[in-house]
Amino acid sequence: MSIIRVLPDHVANQIAAGEVVERPASVAKELVENSIDAGSRHIVIDVEAGGRRLLKVSDDGDGMVRDDAILAFERHATSKIARSEDLSSIATLGFRGEALASIASVARVELTTKTDDAAAATRILIEGGKMRDVKDAAHPRGTTIVVRDLFFNVPARRKFLRSEATESFHLTNLVTHYALAHPEIAFTLTNNGREVLRVAPANDLRERAYQVFGTEFLDNLLAVGGGHPKIALVSGFISAPRDRRTSRDAQYLFVNGRFVRDRLISRALSEGYRAVLPHGVYPAALLFIEIPLEEVDVNVHPAKTEVRFRRAAAVADAVREAVRAALASGGYVRADAKEQSSATGDQPPAETLSLDIPNAMSATADAAVTGPFNTAGVQAFETERRVIQPPVTQPRIEFAAATIEEEESLSEPPELAGELVSSWQEQTAGAGGSSPTVRNGVPVPPEGAGGSAIQLPPLTSAEKFAREVSVESLSSDIRPLGQLDESFIIATDNEGLLLIDQHVAHERILFDKYRALESARLAESQQLLIPETFDLTPAQASIFDALAPELETYGFELMRLSGRTVAIKATPADLPAGEARNMLAEILDTVDAEKKGAARETLRDDIAASLACHAAIKVNMPLTPEKMRWLIDRLLKTSSPTTCPHGRPVILRLATKDILKGFHRI
Ligand code: ADP
Ligand code: MG
């Protein structure tokens, strides 16, 4: 007896829905894409109960004639491609012809649509994939789709929906993405009847970003523009290195106007920040990549959020270079960005420095990279919560809001994120009489899930008076005067007074040196008279073997003894023997499973940054005038004298004109 059968359409559709319709935001994504493809100028999205109860998308696009409207719900029914050749150059957002069929198979759908020519609109009711009714209706040109009771007939899927707050959050993000990708279209989003986002048609991305995020947002970003029309044109905005985030949530990436989650691009973006942001810390970015249609395959995943590039390496190069150039124009790296440090003499002259002075300050500064201070950068985008007056009236959306999908391994596990949302909800319930999940009409990310709830002063707070300096404004004429708190060098240049953080300055010098020596294969070792032994934790042991060769390129000599014990036989030159063990532990602890997949160069940067940090002079250490002079001279020769490998500023300047103003002399 034969046992294979062809599945009926409604079952096939439900299976397809599993991939296309993951949650309310993915329904909204398909519907909004359809509206954009139909040439709409205004798109209105209304949701109730996080989109489970109701999700409605209205547009003023082309609309459909009755026959098309009926056909639109068939599987593989599309107006966007006709032949297989068309697959190689897809200019529309949709093309698979399965979204409406999938959505209609797992919800109650009502579609009303009208073309310019038709006398009346058509209304179609479909429930769980079954066509219930087709009739005339009243509707202006365009289309309205109402999706009710998502997953009403698939209880197993309904269970996977998260809290209303989480789903609303994803919906808001989705609409934000499309609003950014299409400044020419007006978008309105309401949640339970309250307006969350309303943007009028804008002239360009800058104006749209301003409508969505507010002015501070733009003030804190660097414009990106670069690439090559035949490979990839790259435009948009990126954050300054001081804005450090622990997830990629604030990265909005688009390829040909399509919102994507692409590892290649996000990795290239991170590589652009090489040596000014450590691994595991991410910039904010709004990046638009325009690629010739035939160079990119969008038919990789049913949700179309993944793409494949024909010339992936060239695309990655274009992104990295454009980011690098933007950082250079912002004064964060040198335009030529080559390693300029010579390979020798990077420890201060004269007597050896005692490195064991306990110092709380250095510990605090280092903790900034991994500690809660990370989120402070987010605050720069938040500041006071005020509503900007019309015509650009827009409550601001937290830029750090989570993306549509939790990035694999980078965000909270979904359940946890959900729990955080609800615990956060409880904490804030009843506050100010507004819905607990929404601030300024916008879902706010819960703490720990890409959120920004920790109240810390913004990293930019020093800007009011003493400002970060750009590479260009640095002359070689810097004269050290003395030290403040035995931690900061006080110096003058032609523009005013400088404060140089001695630890991070030396860190930058050593980082460049270690990188230069490593790539020239000239790393120097110092043999230890008595090898130090070091017991690995099980987690450290599991990655030790993979990491040991990398560490050895920097001058470590390591030997695995029995079990989890390791002997350190030699350490990189300049690394005080007492620091070797700490540094190894730090590297083994921070290079977790996620980082193992990272580019080798990035891993080497991490090691160099850690080495530099442990070998550098500390704060709370007196320096002789010669040492200060030496430190400044060396610093000026590095690749990024103003930014340390962890993204922190190295030099602050108090301009003479601000001093004059302060004394009311001008
Ligand atoms: P696809 O977008 O991949 O073509 P869909 O299932 O999303 O497939 O939609 C099927 C077809 O229905 C589209 O090709 C389009 O012709 C039509 N359609 C869907 N939504 C709209 C809309 N909002 N306005 C006009 N036509 C639409
Ligand atoms: Mg579609």
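Model, not experiment: these values are computed from the prediction.

1. Remarks on the packing of helix H9 (residues 263-272) against helix H10 (residues 312-329)
Interhelical geometry of H9 versus H10 gives an angle of 35 degrees and a closest axis separation of 8 Å. For the pair H9 and H10, the crossing hand works out as right-handed. Of the residues in H10, those in contact with Leu264, Ile265, Ala268, Leu269, Glu271 and Gly272 of H9 are Ala312, Val315, Ala316, Val319, Arg320, Val323, Arg324 and Leu327. Per-class residue counts for the contact of H9 with H10 are ten nonpolar, one polar and three charged.

2. What about the site of ligand 1?
Surrounding ligand 1, one finds 18 residues, the nearest of these being Asn34, Thr78, Ser79, Lys80 and Gly97. Gly97 is positioned such that a nitrogen or oxygen atom in its backbone is 2.7 Å from an oxygen atom of ligand 1. The fraction of the free accessible surface of ligand 1 (530 Å²) that becomes covered by protein chains is 93%. Residues belonging to the shell around ligand 1 are distributed by class as follows: seven nonpolar, seven polar and four charged.

3. Remarks on a nonpolar patch on the surface
On the surface, Met1, Ile3 and Ile4 cluster together into a nonpolar patch covering about 500 Å² of accessible area. Within the element layout of this structure, Ile3 appears in the segment before helix H1 (9-20). Owing to a relative accessible area of 68%, Ile3 belongs among the exposed residues under this scheme.

4. Let's talk about the confidence of the model for the protein chain
On average, residues of the protein chain score 78 in pLDDT, and 78% of them reach the 70 mark or higher. Note on residues 337-344: pLDDT is under 50 here. Beyond four places in sequence and across chains, it has 18 contacts. Taken together, the stretch residues 350-463 has pLDDT below 50 and engages in 233 contacts with residues farther than four places along the chain or on a different chain.

5. Some thoughts on helix H7 (residues 205-213)
Burial in H7 covers these residues: Leu205, Arg208, Ala209, Gln211, Val212 and Phe213. Along the long axis of H7, the arc covered by the buried residues comes to 165 degrees, so they all point the same way. Where H7 ends, the next residue or the one after it, Gly214, has phi of about 95 degrees, a positive value.

6. Overview of the sheet that holds strand S25 (residues 651-655)
Sheet architecture is open: five strands sit in the order S18-S25-S21-S20-S19, paired in antiparallel fashion. Each having just a single partner strand, strand S18 (467-468) and strand S19 (479-484) make up the two edges of the open sheet. Where strand S21 (residues 496-501) and S25 come together, five bridges link them in antiparallel fashion. Bridge pairing in S25 places Leu499 opposite Leu652. Lying over the sheet, helix H14 (residues 502-519) contacts S19, strand S20 (488-493) and S21, oriented at roughly 70 degrees with respect to S21. On the sheet, helix H19 (residues 625-636) packs against S19, S20, S21 and S25 and is oriented at approximately 115 degrees with respect to S19.

7. Some thoughts on the packing of helix H2 (residues 24-37) against helix H6 (residues 164-181)
One way to put it is that H2 packs onto H6 with a least axis distance of 9 Å and a crossing angle of 25 degrees. Compared by their axis directions, H2 and H6 come out roughly parallel. The interaxial crossing formed by H2 with H6 has right-handed handedness. Taken together, the residues of H6 that come into contact with H2 (itself represented by Pro24, Ala25, Ala28, Lys29, Val32, Glu33 and Ile36) are Glu167, His170, Leu171, Leu174 and Tyr178. Taken together, the residues that form the contact of H2 with H6 break down as eight nonpolar, one polar and three charged.

8. Some words on the sheet that holds strand S2 (residues 54-59)
On the basis of which strands lie adjacent, the open sheet formed by eight strands has the order S5-S4-S3-S6-S2-S1-S7-S8 and mixed pairing. The strands lining the two open edges of the sheet, one partner per strand, are strand S5 (130-137) and strand S8 (194-199). Averaged over all pairs of adjacent strands, the angle between strand axes in this sheet comes to 10 degrees, irrespective of strand direction. In this sheet, strand S6 (residues 142-148) lies alongside strand S3 (residues 108-114) in antiparallel orientation, the contact comprising seven bridges. Looking at S6, one finds that Lys114 is bridged to Gly142. Along the sheet face, H2 touches strand S1 (42-48), S2, S6 and strand S7 (186-191) and points at about 10 degrees away from the line of S2. Taken strand by strand, H6 contacts S1, S2, S7 and S8, and its axis lies near 175 degrees from that of S7.

Parameters at a glance
- Residues numbered from 1 in each chain as written.
- Chains lettered and ligands numbered in written order.
- Predicted model: local features only at pLDDT ≥ 70, side-chain atom pairs only at ≥ 80, totals over all residues.
- Heavy atoms only, no water.
- Axes fitted to C-alpha atoms, helices over the stretch in contact; angles between N-to-C directions.
- Helix = DSSP H or I, 4+ residues; strand = E, 2+ residues; numbered from the N terminus.
- Left-handed = near helix turned anticlockwise from the far one by under 90°.
- Contact = heavy atoms within 4.5 Å.
- Nonpolar A, V, L, I, M, F, W, Y, C, P; charged D, E, K, R; others polar.
- Near = heavy atom within 4 Å.
- Polar contact = N/O pair within 3.5 Å; in protein donor to acceptor, adjacent residues only side chain to side chain.
- Areas by Shrake-Rupley, 256 points an atom, 1.4 Å probe, with all protein chains shown as cover.
- Patch = residues over 30% accessible without salt bridge, like charges linked within 9 Å, V, L, I, M, F, W, Y side chains within 5 Å.
- Salt bridge = Lys/Arg side-chain N within 4 Å of Asp/Glu carboxyl O.
- Buried < 20%, exposed > 50% of the residue type's maximum accessible area, 1.4 Å probe, protein only.
- pLDDT = per-residue confidence, 0-100.
- Arc of directions from axis to C-beta.
- Pairing = 2+ DSSP bridges.
- Parallel < 35°, antiparallel > 145°, perpendicular 65-115°, else oblique.

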